[in-house]
Amino acid sequence: MMLSWKRLILLSFIGCLGGELLLQGPVFIKEPGNSIFPVGSEDKKITFNCEARGNPSPHYRWQLNGSDIDLSLEYRYKLIGGNLVVINPNRNWDIGSYQCFATNSLGTVVSREAKLQFAYLENFKTKMRSTVSVREGQGVVLLCGPPPHSGELSYAWIFNEYPSFVEEDSRRFVSQETGHLYIAKVEPSDVGNYTCVVTSMVTNARVLGSPTPLVLRSDGVMGEYEPKIEVQFPETLPAAKGSTVKLECFALGNPVPQINWRRSDGLPFSSKIKLRKFNGILEIPNFQQEDSGSYECIAENSRGKNVARGRLTYYAKPHWVQTIKDIEIAVEDNLYWECRASGKPKPSYRWLKNGEALVLEERIQIENGALTISNLNVTDSGMFQCIAENKHGLVYSSAELKVVASAPDFSRNPMKKLVQVQAGSLVILECKPRASPSAFSFWKKGDRIVQKSERISFLKDSGLKITNVTKADVGSYTCIAENQFGKANGTTRLVVTEPTRITLAPSNMDVSVGESVILPCQVQHDPLLDIMFTWYFNGALTDFKKEGSHFEKVGGSSSGDLMIRNIQLKHSGKYVCMVQTGVDRVSSAADLIVRGSPGPPANVKVVEITDTTAQLSWKEVPEVPPSEVSGGGGSRSELVITWDPVPEELQNGEGFGYVVAFRPYGLTNWIQTVVTSPDTSRYVFRNESIVPFSRYEVKVGVYNNKGEGPFSPVTAVFSAEEEPAVAPSQVSADSLSSSEIEVSWNAIPWKLSNGHLLGYEVRFWNNSGGEEESSSKVKVSGNETSARLRDLKSNLAYYMAVRAYNSAGAGPFSATVNATTKKTPPSQPPGNVVWNATDNKVLLNWERVKAMENESEVTGYKVFYRTSSQHNVQVLSTNKTSAELLLPIKEDYIIEVKATTDGGDGTSSEQIRIPGITNMDARGSTSAILNVHPVSNSIIIVLFFIVNALW
């Protein structure tokens, strides 16, 4: 839909008035996604989502396979907001690609394509299948031939009667590509009826074919022969980035062939590659470009070997490297708009304007995905979309182009009314009107046009620059801005002042307690400027109300002299006079040292008199220095000093405080400061010159109104450390189970001058959280180089990064690594646990556990057993479905069985109790079908071997 030229002009002027804060072209919040509709589903409708924000609010329309959908057919479609509801979907009419169009007065955007497919599975034809007759030792393939269907299928075979399914092993294989059953070498036990079972992975519908009888020929046994590969992957197989690739390979042969895999280029398999179904399937999860190449399946037995080869090629759907963003640009300017995507094959690009293919002309061109439009006009405004596509998919990027036409306007960026600067300095007068196209500007001082000179220049943004300003530059400066739509001006008054100078500054002083002193601070300043004096004592702003009995400002309007009456030891330190005007600021500092001798003892009392003695008591200056003087830590460029405060009963009077002294190790002069609060236990010295983790000598003394007391013993304190500068290297992650991942790394190089390494921090997150900002973290101590992440979600990719930290902070993160947790262990427990017991051993058998698609493959079993009187459990591991426990059966035993997987242990079988027996054999089962009754030893042993052979 094209917008009228007049309407676009109107929108442009509304934009200049601030309307662009309200008007916005459509932007998708939700877009439709691909969908598969199960034929025969109870749900008789399907919904495609579409929602866009914009002002005015967008309205919507939909297309199916490039044609508009007639939304007036209410029995077929409903439009709820922007969402399209298809009622009673029909696979003959509704299959195809759906797209949503969102439109308002500023333009139109089109959503990504969403494909609708229908999943169905029809019944097998009832035609009987012919008997398959083979020799013993010969290989055979039983064909499935699935019925008409749509959607992914899975295959299984029933042997004779349901629910007896063919169990796959090195001799039997069911292909999930063809559905056929392959028996490498037929044995007498294979004789029977075989039925193909086909299941829809979408609808869960299941259909059974007609049975295929398998019988043995009577003309002898098949001799040995070399492998013949019947199941193999294509010569060339494209694989998508991030997908899971499964390659099948199975061979007939006598003896039964062994299957192995390798890369044709000789490179080793990555740790993520798994071999399944007795090596019949090679599985590559999270396929990446480095996984592409030629793969070989080798089938081998004692009679020879056979090799099948195929090449995996890598492809990737386009994904954005650089998207387009909303842009506002002036009429008559040129537009260069670039979008870039990566993918394999390399994507091509096309552009839409307001939902339709962009019409190219002399001034509108597309090259390598970049759109250029020269000499823009307001009719070029609208919603644009860049589409990057290759044969595997496409991606959309949307943005709005606003072409603005407006006269100069200073309302958004008004010029300053007054600018004050010092003589001799540099000044820039700004002139930034809003105008489209950009305005031509010139300056006037009063009525005269300002000309360029050695001191005066014009900036690219229309500003005026004057260097080495003099009193002659004082005046009113007007900037006049003009374009074809009009003109405007703004004025700034320039005032030039003399610099402020301190004519009488405070000087260092050495005084005694009780004296009164004046620290002078007198200035010469420009009479046009107001002036303000402030004093800082030891870095803190002086509070004249709080210190009124000692501090007072004296002098005239150009003086900020500070008088200190009845000076005390606590007044020692650095004093800074700060002088500030509207255009400049100057300061001067001085050090004041206050000295005093101990005063007379106070409150002298006779407390005990005898015939020959008298005991006196009185108060001296403080006698006890702070204890536990220490420190360290803090932020960079800090020296932190700490101590235990002196109790009040040992302060010996009013005005108690601390004298903190410190010096770099090896120097002789002490740096001193006074801490006036008796409850303070910490002082921080900050200076950029402090070297990280450098040694200082520190002591802390005491004083009160009567004088100074002793210092603590000198102790060593180190300045703050510097945070680690490098990231850990060789970071790797290994999935341990369905809920645990172990991360390991190399320790960062470290030396004593860096301080003390406290440890490492591991950050981790997953895509379900969406963002790195939602990450969790664990910390380990400095001598550890691994961490175990626990309580994770199963079958999920986690991302991890590691950094070192010390008391100063954390260093940079390492490169991000990732690992995927294992699938959860099977929820099905080992069933029908059967046991036989003699006086010294227990024989166990159980049913095999088969993992679901979303569960980890079973790798073996664990038998847990203990006596009923003990809590210590013993464990036996086996890869069979049977076990023999050598147990003296003198008391009851508690036994349970679990399947083991990469993802952890599965669900426990039902707990069984084996009663203690003497001179009697017994057997039992967790199934209610079997009863416990005695049998002879010889029968037990025979049964055990028979069960083992069957399993």
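Definitions and limits used
Residues numbered from 1 in each chain as written. Predicted model: local features only at pLDDT ≥ 70, side-chain atom pairs only at ≥ 80, totals over all residues. Heavy atoms only, no water. Helix = DSSP H or I, 4+ residues; strand = E, 2+ residues; numbered from the N terminus. Rg over C-alpha atoms; globule rule 2.2 N^0.38 Å. Buried < 20%, exposed > 50% of the residue type's maximum accessible area, 1.4 Å probe, protein only. Contact = heavy atoms within 4.5 Å. Areas by Shrake-Rupley, 256 points an atom, 1.4 Å probe, with all protein chains shown as cover. Lys, Arg positive; Asp, Glu negative; His and termini not counted. Charge placed at Lys NZ, Arg CZ, Asp CG, Glu CD. Pairing = 2+ DSSP bridges. Axes fitted to C-alpha atoms, helices over the stretch in contact; angles between N-to-C directions. 1 Å grid on protein atoms, 1.4 Å probe; cavity = no way out; pocket = protein on both sides within 12 Å on 5 of 7 lines; lining within 4 Å. Points joined across faces, edges and corners; volume = space filled by probe spheres on them. Salt bridge = Lys/Arg side-chain N within 4 Å of Asp/Glu carboxyl O. Phe/Tyr/Trp six-rings, centres within 6.5 Å; stacked < 30°, edge-to-face > 60°. Lys NZ or Arg CZ within 6 Å of the ring centre and 35° of its normal. Disulfide = S-S within 2.5 Å. Patch = residues over 30% accessible without salt bridge, like charges linked within 9 Å, V, L, I, M, F, W, Y side chains within 5 Å. pLDDT = per-residue confidence, 0-100. Polar contact = N/O pair within 3.5 Å; in protein donor to acceptor, adjacent residues only side chain to side chain.

**Focus on the overall build of the chain**
In terms of regular secondary structure, the chain is built from two helices and 85 strands. Taking 30 Å as the expected radius of gyration for a compact globule of 951 residues, we find that the chain reaches 44 Å, considerably beyond that expectation. For the C-alpha atoms alone, the extent of the chain along its principal axes is close to 130 × 110 × 55 Å. Among the 951 residues that make up the chain, the fraction classed as buried is 42%. For the chain, contacts bridging at least 24 residues in sequence account for 64% of all contacts bridging at least 6. Carbon and sulfur atoms provide 49% of the accessible area of the chain, an area that totals close to 50,400 Å². Charged side chains in the chain number 97 positive and 101 negative. The centres of these two groups are separated by 4 Å.

**Digging into the pairing of strand 3 (residues 45–48)**
Of the two faces of strand 3, the one lined by I46 and F48 is fully buried and the one lined by K45 and T47 carries no buried residue. Sheet topology places strand 3 next to strand 8 (residues 83–87); four bridges connect them, and they run antiparallel. Each bridged residue has a counterpart across the sheet, and for F48 the counterpart in strand 8 is L84.

**Side note on the sheet that holds strand 23 (residues 245–248)**
The sheet built from three strands is open, its strands ordered 23-27-26 with antiparallel pairing. At either end of the open sheet lies a strand with only one pairing partner, and these are strand 23 and strand 26 (274–276). Each strand of the sheet is rotated relative to its neighbour by a mean of 25°, with strand direction disregarded.

**Focus on the layout of surface pockets**
Size it by volume and the second largest pocket reaches roughly 1,200 Å³. If you trace the second largest pocket, you find 36 residues lining it, with N538, S572, G573, T673 and V674 closest to the centre. Counting only elements with at least two residues in the lining of the second largest pocket, the list comes to strand 53 (532–537), strand 54 (540–541), strand 57 (573–580), strand 58 (585–595), strand 63 (657–664), strand 64 (671–675) and strand 65 (682–686).

**Some details on the pattern of salt bridges**
Taken as a whole and assessed by the stated rule, the structure comprises 38 salt bridges. Between E853 and K246 there is a salt bridge whose closest N-O contact spans 3.6 Å. Placement of E853 in the loop between strand 78 (842–845) and strand 79 (858–867) and of K246 in strand 23 is noted, with a sequence separation of 607 residues between them.

**Side note on the packing of aromatic side chains**
Aromatic ring pairs: the centre-centre distance and the angle between the two ring planes describe each pair. Counted by the stated rule, this structure contains 23 aromatic pairs. Judged by centre distance (5.2 Å) and plane angle (85°), the ring pair of F656 and Y658 falls under edge-to-face. Accessibility expressed as a relative area gives 4% for F656, which makes it buried. Stacked on the ring of F711, the Lys or Arg K699 has its end atom at 4.6 Å from the ring centre.

**Thoughts on the state of the cysteines**
Per the counting criterion, the structure on display carries six disulfides. Between the sulfur atoms of C249 and its disulfide partner C297 the distance amounts to 1.8 Å. A torsion of -75° about the S-S bond marks the disulfide between C249 and C297 as left-handed. Here C249, found in the loop between strand 23 and strand 24 (250–254), pairs with C297, found in strand 28 (residues 293–301); they are 48 residues apart in sequence, far enough to count as distant. Grouping residues by exposure puts C249 and C297 together as buried.

**Remarks on a negative patch on the surface**
Taken together, the side chains of E648, E649, E654 and D679 present a region of like negative charge at the surface. Examined against the element boundaries, E649 turns out to sit in the loop between strand 62 (638–644) and strand 63. E649 gets classed as exposed once you look at its relative accessible area, which sits at 62%.

**Side note on a nonpolar patch on the surface**
A contiguous nonpolar surface patch, about 310 Å² in accessible area, is contributed by V606, I609 and L616. Position of L616 relative to the elements: it lies in strand 60 (residues 614–619).

**Some remarks on the sheet that holds strand 47 (residues 475–483)**
Across the sheet, five strands lie side by side as 40-48-47-43-44; this open sheet has mixed pairing. The strands lining the two open edges of the sheet, one partner per strand, are strand 40 (418–422) and strand 44 (448–449). In this structure, strand 40 lies alongside strand 48 (residues 486–497), joined through five bridges in parallel fashion. Note that in strand 48 the partner of Q422 across the bridge is T497.

**Details of unusual backbone geometry**
Apart from glycine, the bulk of residues carry a negative phi angle, and the bulk of peptide bonds sit in the trans form. Here the amide bond leading from N55 into P56 is cis, since omega sits at 5°, within 30 degrees of zero. If you trace the backbone, P56 turns up in the loop between strand 4 (51–55) and strand 5 (59–64). For the bond from Y162 to P163, the omega torsion is 5°, close enough to zero to count as cis. With respect to the helices and strands, the residue P163 is situated in the loop between strand 15 (153–159) and strand 16 (172–174).

**Regarding the environment of I428**
Topologically, I428 is positioned in strand 41 (residues 427–429). Linking I428 and L667, residues 239 residues apart in sequence, is a C-alpha distance of 49 Å. Setting aside anything within four residues of it in sequence, one finds I428 in contact with L459, L464 and K465.

**Considerations on the confidence of the model for the chain**
Of all residues in the chain, 91% have pLDDT values of 70 or greater, and the mean over the chain is 87. The low-confidence segment residues 1–20, where pLDDT is below 50, has 37 contacts with residues more than four positions distant or belonging to other chains. Considering only residues more than four positions removed or in separate chains, one finds that residues 927–951, a stretch of pLDDT under 50, has 28 contacts.

**A closer look at the environment of Q385**
Note on placement: Q385 falls in strand 37 (residues 382–390). Taking the C-alpha atoms as reference points, Q385 and E708, separated by 323 residues in sequence, lie 80 Å from one another. Beyond its immediate sequence surroundings of up to four residues, Q385 is in contact with V109, V110, R350, W351, L352, Y396, S397 and S398. Within the local environment of Q385, its side chain forms a polar contact with the backbone oxygen of V110, the two atoms lying 2.6 Å apart.

**Some remarks on the side chain of E248**
Residue placement: E248 occurs in strand 23. Of the buried charged residues, E248 lacks a salt bridge, with K277 as the closest side chain of opposite charge at 5.6 Å. There is a polar contact of 2.5 Å between the side chain of E248 and the side chain of S175. A polar contact is formed between the side chain of E248 and the backbone nitrogen of Q176, at a distance of 2.8 Å. Contacts of E248, omitting those with residues within four sequence positions, involve F173, S175, Q176, E177, V231, Q232, F233, W261, G280 and I281.

**Let's talk about the side chain of S719**
The residue S719 is located in the loop between strand 68 (715–718) and strand 69 (729–735) in this model. Polar contacts involving the side chain of S719 include one to the main-chain amide nitrogen of S694, which spans 2.8 Å. When sequence neighbours within four positions are dropped, the list of residues in contact with S719 reads G633, E638, L639, I690, V691, P692, F693, S694 and Y696.

**Focus: the environment of N368**
Here N368 shows up in the loop between strand 35 (364–367) and strand 36 (370–373). Separated by 28 residues in sequence, N368 and R340 place their C-alpha atoms 8.4 Å apart. Dropping the residues within four chain positions of it, N368 is found in contact with C339 and Y349.

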